[in-house]
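Commentary on secondary and tertiary structure
One-letter residues, chain by chain:
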Amino acid sequence: EAGVAQSPRYKIIEKRQSVAFWCNPISGHATLYWYQQILGQGPKLLIQFQNNGVVDDSQLPKDRFSAERLKGVDSTLKIQPAKLEDSAVYLCASSLVGLNTEAFFGQGTRLTVV
Amino acid sequence: SQQGEEDPQALSIQEGENATMNCSYKTSINNLQWYRQNSGRGLVHLILIRSNEREKHSGRLRVTLDTSKKSSSLLITASRAADTASYFCATDAGGNQFYFGTGTSLTVIP
């Protein structure tokens, strides 16, 4: 079974530039998550989709971050414009819908803003 | 914040010893899960314990849950060098929204 795919693995950009990350979840997983993990901290949930609808985006900084999952499969997360404090690993995860399910994570994209 | 907290933040033990890490959380939960993260990699699910369970085992892992104290513990017995990683607890209140703790960094010395 293929896992969660993310690209790119690494990205370095200058502040005020824009950047986009891509995620392909496990086939059949209706729920997709984007997490931000700052070095030394636990993953912070940015947004949760179920199919192509947003379930929770309460911690997404909507002035600069946006995410979409147009066909209920792949997803992109965009930052525009980036700030130094956005330097982190961005993790995509997916899960089945239902009680007592687990999340499957991709390898993440390490973003460095200089 | 709904994020939980693990303690200790860092733990260093000799191979063969047991490692215990704790997680405290703030809200009512449907289940609590533990994940492992090797350096520079994604998270891997280890074990899930439901809110009506008090203890669960999986191989060398033993998890306990005390919902009255809003806390959980993860015990790794007979640790190996390969267990070196960060360990996170994650709570799910029932909406498949996983809120992660701050993590415990475990180093197992060969």
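Our subject in this report is the structure included herewith.

**Here's the deal with the overall build of chain A**
Looking only at helices and strands, chain A has 0 helices and 11 strands in total. Tracing chain A from N to C terminus, the helices and strands come up as β-β-β-β-β-β-β-β-β-β-β. Taking 114 residues into account, the globule formula puts the C-alpha radius of gyration at 13 Å, and chain A, at 13 Å, falls close to it. With the C-alpha coordinates of chain A rotated into their principal frame, the extents come out at 40 × 25 × 25 Å. Taken across its 114 residues, chain A has 45% of its residues classed as buried. In chain A, once contacts between residues fewer than 6 apart in sequence are set aside, the share between residues at least 24 apart is 52%.

**Considering unusual backbone geometry**
Residues and elements named next belong to chain A. For the bond from S7 to P8, the omega torsion is -5°, close enough to zero to count as cis. Relative to the helices and strands, P8 resides in the loop between β1 (5-7) and β2 (10-13). Backbone torsion omega between Q80 and P81 reads -5°, so that peptide bond is classified as cis. Phi is positive for N51, close to 55°, though the residue is something other than glycine.

**What to know about the state of the cysteines**
Every disulfide links exactly two cysteines, by a covalent bond between their sulfur atoms. Applying the stated criterion across every chain, the model contains 2 disulfides over all chains. Covalently, A:C23 is tied to A:C92 through a disulfide, its sulfur atoms 1.9 Å apart. Its S-S torsion of about -70° marks the bond between A:C23 and A:C92 as left-handed, since a negative value means left-handed. Residue A:C23 is found in strand β3 (residues 19-24), and its partner A:C92 is found in strand β9 (residues 88-95); the two are separated by 69 residues along the sequence. Classification of A:C92 by relative accessible area gives buried; the value is 0%. With its sulfur 2.0 Å from that of its partner, B:C23 forms a disulfide with B:C89. The sign of the 65° torsion about the S-S bond sets the B:C23-B:C89 disulfide as right-handed. One end of the pair, B:C23, is in strand β3 (residues 19-24); the other, B:C89, is in strand β9 (residues 85-92), with 66 residues separating them in the sequence. Summarising the burial analysis for this pair, B:C23 and B:C89 share the class buried.

**Some points on the sheet that holds β3(B)**
Residues and elements named next belong to chain B. Spatially, 5 strands are ordered β1-β3-β8-β7-β6 in an open sheet, and the strand pairing comes out antiparallel. Both outer strands of the open sheet, β1 (5-7) and β6 (55-58), are each paired with one neighbouring strand and no more. This sheet shows a mean twist of 20° between the axes of neighbouring strands, independent of strand direction.

**A closer look at the sheet that holds β3(A)**
Residue and element names in this part refer to chain A. In spatial order, the strands read β1-β3-β8-β7; together these 4 strands make up an open sheet with antiparallel pairing. The sheet is open, and its two borders are formed by β1 and β7 (65-68), each paired with just one other strand. Neighbouring strand axes in the sheet, compared pairwise and without regard to direction, differ in orientation by 15° on average. One ladder, built from 3 bridges, connects β1 with β3; its direction is antiparallel.

Rules used throughout
In this numbering scheme, every chain counts its residues from 1 along its sequence in written order. Chain A is the first chain written and ligand 1 is the first ligand written, with later ones labelled in order. Since the coordinates come from a predicted model, pLDDT governs what is reported: local features require at least 70, and pairs of side-chain atoms require 80 or more to be given and counted, while whole-chain, interface and lining totals use all residues. Neither water nor hydrogens contribute to the side-chain values; these are computed over all heavy atoms in the structure. Where helices and strands are cited, they refer to DSSP runs of H or I of at least four residues and of E of at least two residues respectively, numbered from the N terminus. With the radius of gyration taken over C-alpha atoms, the globule rule is written as 2.2 Å times the number of residues to the power 0.38. Partly exposed residues are those whose accessible area sits between 20% and 50% of the maximum for their type, while under 20% is buried and over 50% is exposed, using a 1.4 Å probe and protein chains only. In this analysis, two residues are considered to be in contact whenever any of their non-hydrogen atoms come within 4.5 Å of each other. The definition used for a disulfide is geometric: two cysteine sulfur atoms within 2.5 Å. When DSSP finds at least two bridges between two strands, those strands are taken to pair. For helices, the axis comes from a line fit to the C-alpha atoms of the stretch in contact; other axes are also lines fit to C-alpha atoms, and the angle between any two N-to-C directions lies between 0 and 180 degrees.

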